[in-house]
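The residues making up each chain are set out below.
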Amino acid sequence: MMIGELIGSGRDADVYALDGSWVLRRNRDGRSQSREAAVMAHLHPHGYPVPEIRPAGDEASTDLVMRRVTGPTLMDAAQAGEVGTAEVGMILADLLARLHAVPLPDGAAGEPGTAILHLDLHPLNVIHTSEGPVVIDWVNTRQGPPGLDWTMSALILAELALGGSELAPPAQEVLSALLAHRPAAVVLDGGVVAAARAARAADSNAGSNAVPGGLDAAVALVIAHAG
Ligand SMILES: Nc1ncnc2c1ncn2[C@@H]1O[C@H](COP(=O)(O)OP(=O)(O)O)[C@@H](O)[C@H]1O
Ligand SMILES: [Mg+2]
């Protein structure tokens, strides 16, 4: 397999072109990607917008080969003024609601109210294409209550909103729009808020860990919006 140019790089992974149609995602820590590949392979035929996965060939389980998706991230599209902040919030809300409506994989005995969760769905993990948004970066995916996924997205936006960068004002607006579109059945109770807080605290790369009290302030902002 010939690996081409580096076309994207985030916190955990490097993404290389293989040819015009396929890319290879490789975690820098060498972790296997078989779990997220299985979830993406389940979601794609259900019509959920994730890159199509190429069935594993001779590549290592640390490598994930998927369709190349063309477009800026939703964050870049928003910064360029191509998409408004209210629309970004609506797009994220729609992606969460649609994800949680996908049936669990065959044989999975989920608790009632359990869905496939992304748990890192924010504007840098959505690619804005001419055919609509496509969700990438399924590293944190697992099954659980939809409210946890909504809270994680809200908390990540709240951390950005309080982070003092040039992204703070738009992040605040996206957060408001996201939670304004939350279905009534989705509960952001103390349990999911605590679970989301613990997940962010455990994430050594999470931005607000550097700011004492940053995570608590972000949690408070989410709770203020969720009322
Ligand atoms: N299927 C894809 N097609 C084209 N570019 C991609 C694709 N998947 C990821 N990328 C690019 O690679 C970057 C990092 O990917 P991501 O999965 O979010 O890794 P990380 O966990 O490091 O954030 C993305 O922001 C995007 O620019
Ligand atoms: Mg990412």
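The name given to the protein chain in an unreviewed UniProt entry is Aminoglycoside phosphotransferase family protein, and the organism recorded there is Catenulispora pinistramenti.

Caption draft 1: Expanded view of the UniProt feature "domain: Aminoglycoside phosphotransferase" (unreviewed entry) in the protein chain. In the numbering used here, UniProt assigns the "domain: Aminoglycoside phosphotransferase" (unreviewed entry) feature to residues 5–106 and 114–154. Measuring from the first to the last C-alpha atom of residues 5–106 gives 37 Å, for a span that is 31% helix and 20% strand. Annotation note: span residues 114–154, helix share 22%, strand share 34%, distance between end C-alpha atoms 19 Å.

Caption draft 2: Inspection of the site of ligand 1 at higher detail. Taken together, 19 residues surround ligand 1, and among them Asp12, Ala13, Arg25, Arg67 and Val69 come closest. Aspartate 137 is positioned with one of its side-chain polar atoms (N or O) 2.9 Å from an oxygen atom of ligand 1. Protein contacts shield 89% of the accessible area of ligand 1, which totals 550 Å² for the unbound molecule. Of all elements in the fold, only strand S1 (6–9), strand S2 (13–17), strand S3 (22–27) and strand S4 (63–67) reach the threshold of two or more residues within the shell around ligand 1. Per-element tally for the shell around ligand 1: the top contributor is S1, with 3 residues. For the shell around ligand 1, the residue count by class is 9 nonpolar, 4 polar and 6 charged.

Caption draft 3: Main features of unusual backbone geometry. A positive phi angle, near 70°, is found at leucine 119, a position not held by glycine. By secondary structure assignment, the location of leucine 119 is in the loop between strand S5 (115–117) and strand S6 (126–129). Of note, aspartate 137 is a non-glycine position whose phi angle comes to about 65°, a positive value. Positionally, aspartate 137 belongs in the loop between strand S7 (132–135) and strand S8 (142–144). Taking relative accessible area as the criterion, aspartate 137 reaches 18% and is therefore assigned buried.

Caption draft 4: Looking closely at the domain arrangement of the protein chain. Each domain of the protein chain was delimited in the assignment, giving domain 1 (6–67) and domain 2 (74–226). Taking only C-alpha atoms, the centre of domain 1 and the centre of domain 2 are 21 Å apart. Taken residue by residue, the interface counts 16 residues in domain 1 and 20 residues in domain 2. In total, domain 1 and domain 2 occlude about 1,600 Å² of area from one another, counting both sides; carbon and sulfur atoms represent 61% of this. Its largest share of buried area at the contact with domain 2, domain 1 owes to Arg11, Tyr48 and Pro49, together 36% of the area lost on that side. Where domain 1 meets domain 2, there are 2 salt bridges. In this structure, arginine 11 and aspartate 203 form a salt bridge, with 3.2 Å as the shortest nitrogen-oxygen distance. In this structure, the connection of domain 1 to domain 2 is made through 7 residue pairs in polar contact (both at pLDDT 80 or more). At 6 residues, the largest contribution of residues to the side of domain 1 that touches domain 2 is made by helix H1 (residues 34–43).

What counts and how
Residues numbered from 1 in each chain as written. Chains lettered and ligands numbered in written order. Predicted model: local features only at pLDDT ≥ 70, side-chain atom pairs only at ≥ 80, totals over all residues. Heavy atoms only, no water. UniProt positions renumbered as here; feature names shortened; annotations may be inferred. Helix = DSSP H or I, 4+ residues; strand = E, 2+ residues; numbered from the N terminus. Near = heavy atom within 4 Å. Polar contact = N/O pair within 3.5 Å; in protein donor to acceptor, adjacent residues only side chain to side chain. Areas by Shrake-Rupley, 256 points an atom, 1.4 Å probe, with all protein chains shown as cover. Nonpolar A, V, L, I, M, F, W, Y, C, P; charged D, E, K, R; others polar. Buried < 20%, exposed > 50% of the residue type's maximum accessible area, 1.4 Å probe, protein only. Domains from an automatic or database assignment. Contact = heavy atoms within 4.5 Å. Buried area = accessible area lost by both parts, 1.4 Å probe. Salt bridge = Lys/Arg side-chain N within 4 Å of Asp/Glu carboxyl O.

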